[in-house]
Amino acid sequence: NEFILTRLRTMWGADIQQMKYKFGEELYDYCLTNAKKYLNNQLLKIENGKLKLTRKGIFISDGIMSDLMWVK
């Protein structure tokens, strides 16, 4: 969760391959599955293997990040 929270708030974004390597396939799949609606609505983008907020997405970033966080 901290990875998502801290990385998405930067201009560099969250490296999705690093997320998969560090936290496993299950978290990777969970995050990307939940990111799809934001990707489709152009609130998130994947650029050079990094998940990033778009300019439009910055304004609702707290909601986006909470949907991407792993909750068991």
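A short tour of the structure in this document, coming up. Everything numeric in this text was worked out from a predicted model, so none of it was measured.

### A few points about the overall build of the chain
Regarding its fold elements, the chain presents five helices and three strands. Along the chain direction, N to C, the helices and strands of the chain fall in the order α-β-α-α-β-β-α-α. Projecting the C-alpha coordinates of the chain onto the three principal axes gives extents of approximately 30 × 25 × 20 Å. Residue pairs at least 24 apart in sequence account for 51% of intrachain contacts in the chain once pairs closer than 6 positions are excluded. Entry remark: accessible area of the chain is about 4900 Å², with carbon and sulfur atoms responsible for 53%. Taking the average location of the 12 positive side-chain charges in the chain and that of its 8 negative ones, the two points are 6 Å from each other.

### With respect to a nonpolar patch on the surface
Judged by side-chain polarity, I58, F59 and I60 come together as a nonpolar surface patch covering roughly 350 Å² of accessible area. Relative to the helices and strands, I58 is located in helix α4 (residues 55-58).

### Quick word on the packing of helix α3 (residues 25-40) against helix α5 (residues 61-68)
Between α3 and α5, the least distance of the axes is 8 Å, while the angle of their chain directions is 145°. The segment α3 lies against α5, with Y30, C31, N34, A35, K37 and Y38 engaging G63, I64, D67 and L68.

### Regarding α5
Listed as buried for α5 are S61, I64, M65 and L68. Relative to the axis of α5, the buried residues are bounded by an arc of 95° and lie together on one face. Check the buried side of α5 and you find it contacts α1 (2-8), α3, β2 (44-47), β3 (50-53) and α4.

### Examining the side chain of S61
With respect to the helices, strands and loops of the structure, S61 is situated in helix α5. Separated by 3.2 Å, the side chain of S61 and the backbone oxygen of I58 make a polar contact.

### Describing the sheet that holds β3
If you walk across this open sheet you meet the three strands as β1-β3-β2, and the pairing is antiparallel. Of all the strands in the sheet, just β1 (14-15) and β2 have a single pairing partner and so form its edges. Sheet topology places β1 next to β3; two bridges connect them, and they run antiparallel. Bridge pairing in β3 links A14 to L51.

Criteria and cut-off values
Residues numbered from 1 in each chain as written. Predicted model: local features only at pLDDT ≥ 70, side-chain atom pairs only at ≥ 80, totals over all residues. Heavy atoms only, no water. Helix = DSSP H or I, 4+ residues; strand = E, 2+ residues; numbered from the N terminus. Contact = heavy atoms within 4.5 Å. Areas by Shrake-Rupley, 256 points an atom, 1.4 Å probe, with all protein chains shown as cover. Lys, Arg positive; Asp, Glu negative; His and termini not counted. Charge placed at Lys NZ, Arg CZ, Asp CG, Glu CD. Patch = residues over 30% accessible without salt bridge, like charges linked within 9 Å, V, L, I, M, F, W, Y side chains within 5 Å. Salt bridge = Lys/Arg side-chain N within 4 Å of Asp/Glu carboxyl O. Axes fitted to C-alpha atoms, helices over the stretch in contact; angles between N-to-C directions. Buried < 20%, exposed > 50% of the residue type's maximum accessible area, 1.4 Å probe, protein only. Arc of directions from axis to C-beta. Polar contact = N/O pair within 3.5 Å; in protein donor to acceptor, adjacent residues only side chain to side chain. Pairing = 2+ DSSP bridges.

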